[in-house]
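Breakdown of the fold
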Amino acid sequence: MIASFTYLLPGVRSRVPAAIFALVGTAVASAGGFDRAIGVATPRVVKLYGLGVGLQAGYGTGVLVSADGLVLTVSSLLIDAEDVRAVGADGTRYHAEVLYRDAARQLALLQLRPGDGAAPRAADADEVEGGGASGGRRGASRVGPLPYFDLGVGPDGRATAGVAGGCTAKLAPGDWVLAAGNPFKVADGPEPMSVAHGVFSTRTHLDARRRVKDFPYTGEVLVLDAITSNPGGEGSAVVNLEGEFVGMVGRVVISNRTHTHFNYAMPCDVLRDFLTEALRSSEGSRPPPTPTVASPASNLGIKMARTGYQKVLPFVERVRPGSPADRAGVRADDLVLSVNGRTVADLDAYDARLKALPPGRPVELVVRRGRSIVSVEVQPESP
Amino acid sequence: MMRALSQLAVSCLVVAWAVAPRALAAGPASAPDPAAADYQTLRAAQEVFRGTAQRMKPYLVRIDTVGGSQPRGALPQPDSDDAADKPKRSQNPWRESTGSDFVIADGSTTGLIYAADGYIVTSSFNFVREPVLISATLADGRRLAADLVARDQVRKIALLKVDARGLATPPWAPLTEVKIGQWAVALGLGFGGDEPAITTGIISALNRMNGNAVQTDAKLSPANYGGPLCDLQGRVVGICVPMAQRPGELAGVEMYDAGVGFAVPQHRVDEIVRVLMTGKSLYRGWLGMVVDNSVRDAVVVKNVADPSPLRAAGVVPGDTILAAAGKPVYHFGHLTQALYMLPAGEDVALHIDRNGTRFLVNVTLARNTELGPLPELNEPFDPSEPPAPPPEEEGDE
């Protein structure tokens with residue numbers, strides 16, 4: 001592990017300003033043990049300034065993933081600004097051009113272009129937040145070389161770092177994590193990023209919403225034992241104690257499982273796949289996925305009990321003889337508890353789950369039958 | 001924090017020892033380097049956190065509930081006229097409030113194996129919706145139908161029973177061995193995923209909530225209510241529950257993830273479970289009286305319900321309550337605080353002043369459902385009179 005440090009930071013004992021340690025919460029005069037990870041993370045994130053509307057803050061954070069200024073961030077109204085600006089760790093100002101964005105994962109890839117020199121102070125930043133800032137883009141002019149996190153993806157989108165790609169960190173629940181970014185815009189101009197420490201909680205599927213609207217991404221995320229879900233903190237780099245990149249703080253959401261605000265990061269491998277897709281694509285964006293419209297419910301051969309009340313428990317009323325459900329052993333009066341591992345609280349949820357199933361694949365139903373709980377696998381009929 | 005970590009490193013010498021040779025192998029940095037030493041301490045802490053989660057995993061139970069509704073009054077109703085929307089208090093002066101507007105989600109919750117013969121201890125928070133079906137999934141993958149044996153709505157503990165034998169039970173840390181400032185780890189299954197979600201912190205205080213809870217700054221939320229708060233030796237310090245200094249089955253949930261969380265320690269869980277195993281639930285205890293709000297700096301009884309524990313103890317309107325459960329009370333808030341974590345059935349000593357004469361009465365707290373209406377005031381007290389309409393005063397204790 002120590003060897004890998006030296007590799008990441010050849011001969012560098014980074015001097016990290018005291019302000020960061022105040023934020024990390026150590027009261028010791030020494031560098032505190034997190035210094036190496038912070039030293040790796042902070043130069044590899046940029047502050048972003050763009051469009052702020054309603055609850056969307058006009059500022060955010062992005063992660064550098066190439067020496068020539070490719071930046072990963074979350075896809076939000078922020079980058080809809082006419083002139084998105086970025087400020088590097090050393091205070092260098094950039095313009096940021098949106099190369100690619102994905103509505104499903106709510107991720108975006110930006111390209112930094114040379115900016116106007118000095119970093120904007122808070123006053124300038126407020127100006128930018130209006131969205132109609134001046135100063136034209138400088139075409140294809142290049143920036144860098146900049147420090148970056150290597151996700152193992154080359155400029156053409158081809159893998160450069162073997163099967164594991166750049167995501168080599170083995171993260172276990174209980175591992176330290178640090179998030180470097182600009183929540184609440186407290187790091188002004190060239191000031192270094194805010195760093196929050198915490199612990200990696202677990203990896204799980206996201207089931208969340210933004211206010212009342214469901215969040216489109218349902219893939220895996222890293223749950224963090226750290227308050228990272230803050231305005232401006234979206235897009236922060238998350239590293240482990242060794243300074244290895246493990247993920248990026250996602251958009252502020254509320255978990256549907258707990259009804260609580262949810263602190264999470266998009267995992268490195270999800271970001272790497274997005275980056276690969278973005279660099280290979282000739283399109284500027286990918287539209288949200290159209291849900292697979294199928295009616296496998298009828299193909300299972302199950303008729304549910306429907307009474308017309310608002311919230312009805314998903315009870316099986318009848319199973320068509322000889323149907324897939326019949327062969328799998330589903331019986332009348334079974335109460336369906338979950339579909340493919342996802343709990344269905346009522347009949348509406350059951351219907352929604354069945355509609356969202358990929359056609360033709362076996363479906364795992366967990367049902368209550370009397371006092372026992374039974375799991376059955378139903379192979380739907382081909383339509 | 002670093003001091004705590006250093007102590008941790010000492011207590012986990014084995015781990016530190018395992019890491020140390022690698023540090024030495026790294027090169028010439030064998031001279032004392034505070035930063036490197038801190039790093040090694042953090043590495044050791046990380047190993048301990050990982051290990052604690054793994055050691056506790058076999059005892060965790062995933063609880064899923066089906067059916068039920070949001071508790072009454074808990075759903076925010078932004079469009080309704082506030083005054084018109086409030087239930088008429090006069091309909092029931094002893095109405096229980098849910099204590100919070102928190103909306104309960106549909107996700108899984110967490111429990112902990114309590115006894116080898118299928119008893120699972122968890123938080124009553126997980127059943128506020130009165131589900132029609134509860135299932136418990138054990139760490140070995142067995143999914144079983146669970147019965148809600150009984151619950152303690154005061155300490156927010158619930159007891160489940162599944163048909164299983166020979167279950168492994170976790171080691172517990174008695175409260176006497178829990179120290180303020182020691183590390184604590186909370187585990188929960190509410191976010192889903194294959195591994196229990198871990199949150200970390202310290203023990204912030206002991207004997208909170210009238211001696212019913214230890215306090216921690218580890219993030220507690222619906223994701224781990226009902227799950228264990230553990231020490232770094234992998235022992236259960238307590239069961240994580242939402243709690244607040246006011247009644248209500250949802251009170252305290254609004255403080256989720258705020259760094260102020262509570263866990264019911266071993267001796268209290270044992271005591272509660274002994275009652276719950278008999279199938280008897282524990283509810284908030286009431287005196288059944290109305291306090292005279294026009295009197296400042298003293299708790300003067302304005303009216304006493306019929307029947308009620310206070311009436312049974314002979315307390316009458318005009319009496320002043322000087323102290324409750326050994327704590328002096330100078331206003332209604334003091335009285336609530338002295339009694340808020342005591343369940344119905346518990347005996348409480350009240351110091352009473354009646355026209356200068358001081359005496360002690362023993363009152364057995366009752367459930368709100370056992371309280372009768374308030375007699376009409378301005379009339380000489382006569383228990384044989386028919387119940388009168390309740391007064392406009394707010395009666396709450």
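None of the values given here were measured: they were computed from a predicted structure. (Residues numbered from 1 in each chain as written. Chains lettered and ligands numbered in written order. Predicted model: local features only at pLDDT ≥ 70, side-chain atom pairs only at ≥ 80, totals over all residues.)

**A look at the overall build of chain B**
Convention followed: Think of it this way: any DSSP run of H or I at least four residues long counts as a helix, any run of E at least two long counts as a strand, and we number them from the N terminus. Counting other C-beta atoms within 10 Å of each residue's C-beta, where C-beta atoms are placed from the backbone, gives the exposure class: buried for 20 or more, exposed for 12 or fewer, partly exposed between.
Secondary structure assignment for chain B yields 8 helices and 18 strands. Buried positions account for 46% of the 397 residues belonging to chain B.

**A few points about the overall build of chain A**
As a reminder of what qualifies: Throughout, a residue-residue contact means that the two C-beta atoms, derived from backbone geometry, are no farther apart than 7 Å.
The number of helices and strands found in chain A is 8 helices and 23 strands. Burial status across chain A gives 50% buried among its 383 residues. In chain A, the proportion of contacts linking residues at least 24 apart, taken out of those at least 6 apart, comes to 63%.

**So, the sheet that holds strand E21 (residues 342-343) of chain A**
Residue and element names in this part refer to chain A. Selection criterion: For two strands to count as paired, DSSP must find a minimum of two bridges between them.
The antiparallel open sheet is built from 4 strands, whose spatial order is E21-E20-E22-E23. Looking at the sheet topology across the chains shown, the edges are occupied by E21 and strand E23 (372-378). Sheet topology note: the strand E20 (residues 335-339)/E21 ladder contains 2 bridges and is antiparallel. Note on E21: the bridge partner recorded for serine 338 is threonine 343.

**Focus: the interface of chain A and chain B**
Bring the parts together and some accessible area is lost; that lost area is often taken as the interface size. To be explicit about the condition: We call Asp, Glu, Lys and Arg charged. Ala, Val, Leu, Ile, Met, Phe, Trp, Tyr, Cys and Pro are nonpolar, and the rest, Gly among them, are polar.
Facing the 44 residues of chain A at the interface are 48 residues of chain B. Among the elements of the structure, helix H1 (2-8), helix H3 (35-41), strand E8 (194-205), strand E11 (220-225), E20, strand E22 (363-369) and E23 of chain A are those that each provide at least two residues to the side of chain A that touches chain B. The element best represented in the side of chain A that touches chain B is E8(A), accounting for 6 residues. Here the residues of the side of chain A that touches chain B are counted per class, giving 19 nonpolar, 17 polar and 8 charged.

**What to know about the sheet that holds strand E4 (residues 133-137) of chain B**
Residue and element names in this part refer to chain B. Quick reminder of the rule: Axis lines are fitted to C-alpha atoms, over the contacting stretch for helices. Their N-to-C directions set the angle, which ranges from 0 to 180 degrees.
Judged by pairing direction, the barrel is antiparallel, and its 6 strands sit side by side in the order E1-E2-E3-E6-E5-E4 before closing back on the first. Recorded for the sheet is a direction-independent mean angle of 40 degrees between the axes of neighbouring strands. In terms of strand pairing, strand E1 (residues 60-66) meets E4 through 5 bridges, oriented antiparallel. Bridged to isoleucine 63 within E4 is alanine 136. Contacts from helix H6 (residues 266-276) reach strand E2 (109-115), strand E3 (119-123), strand E5 (143-152) and strand E6 (157-162) within the one sheet, and its direction differs from that of E5 by about 100 degrees.

**Details of helix H5 (residues 268-280) of chain A**
Residues and elements named next belong to chain A. Test applied: By this rule the span expected of a helix is its residue count minus one, scaled by 1.5 Å.
Over its 13 residues, H5 extends 18 Å from the first C-alpha to the last, a length consistent with the 18 Å expected when each residue adds 1.5 Å. By the burial criterion, the buried members of H5 are Cys268, Val270, Leu271, Arg272, Phe274, Leu275 and Ala278. Looking at the buried positions of H5, the neighbouring elements they touch are strand E3 (70-74), strand E5 (93-102), strand E6 (107-114), E11, strand E13 (245-249) and strand E16 (264-267).

**What about unusual backbone geometry?**
In this structure, the amide linkage connecting Asp306(B) to the following residue, Pro307(B), adopts the cis form with an omega of 0 degrees. Positionally, Pro307(B) belongs in the loop between strand E14 (299-304) and helix H7 (309-312). Residue Asp333(A) is not a glycine yet carries a positive backbone phi of 80 degrees. In this structure Asp333(A) comes out as partly exposed when scored by C-beta crowding, with 13 C-beta atoms within 10 Å. Unlike most non-glycine residues, Met209(B) shows phi in positive territory, near 55 degrees. If you trace the backbone, Met209(B) turns up in helix H5 (residues 208-211).

**A word on the nonpolar core**
As a reminder, the rule being used: A set of buried Ala, Val, Leu, Ile, Met, Phe, Trp, Tyr and Cys residues, joined to one another through C-beta atoms within 7 Å, is what we call a nonpolar core.
Grouped together as the largest cluster of nonpolar side chains are 210 residues, with contacts concentrated most on Leu178(A) and Ile120(B). Here this core takes 9 residues from helix H3 (residues 34-56) of chain B, the largest share from any one element. Residues within four places of Ile120(B) in sequence aside, it is in contact with Val61(B), Gly111(B), Leu112(B), Ile113(B), Tyr114(B), Ala136(B), Ala146(B), Leu160(B) and Val162(B).

**Section: the environment of Gly318(B)**
Counting through the fold element by element, Gly318(B) comes out in the loop between H7 and strand E15 (320-324). Remark: the alpha-carbon pair of Gly318(B) and Val301(B), spanning 17 residues in sequence, is separated by 5.4 Å.

**Details of the confidence of the model for chain B**
Residue and element names in this part refer to chain B. Spelled out, the test is: The quantity called pLDDT is the predictor's confidence in a given residue, expressed from 0 to 100.
For chain B, the average pLDDT comes to 84, and 81% of its residues sit at 70 or higher. Counting interchain partners and residues more than four positions distant, the pLDDT-below-50 stretch residues 9-29 has 23 contacts. Residue range residues 385-397 is modelled with pLDDT below 50. Its contacts to residues more than four positions away, or to other chains, number 26 contacts. Both confidence scores are given for the complex: pTM 0.79, ipTM 0.78.

**Remarks on the pairing of strand E7 (residues 176-181) of chain A**
Residues and elements named next belong to chain A. Within E7, 6 of the 6 residues are buried, which leaves the element mostly enclosed by the surrounding structure. Relative to E8, E7 runs antiparallel, the two sharing 6 bridges. Across the sheet, tryptophan 176 pairs through a bridge with valine 199, a residue of E8. Strand direction decides the pairing type here: E7 and strand E12 (residues 237-240), joined by 4 bridges, are antiparallel. Paired with leucine 178 across the two strands is valine 239, which belongs to E12.

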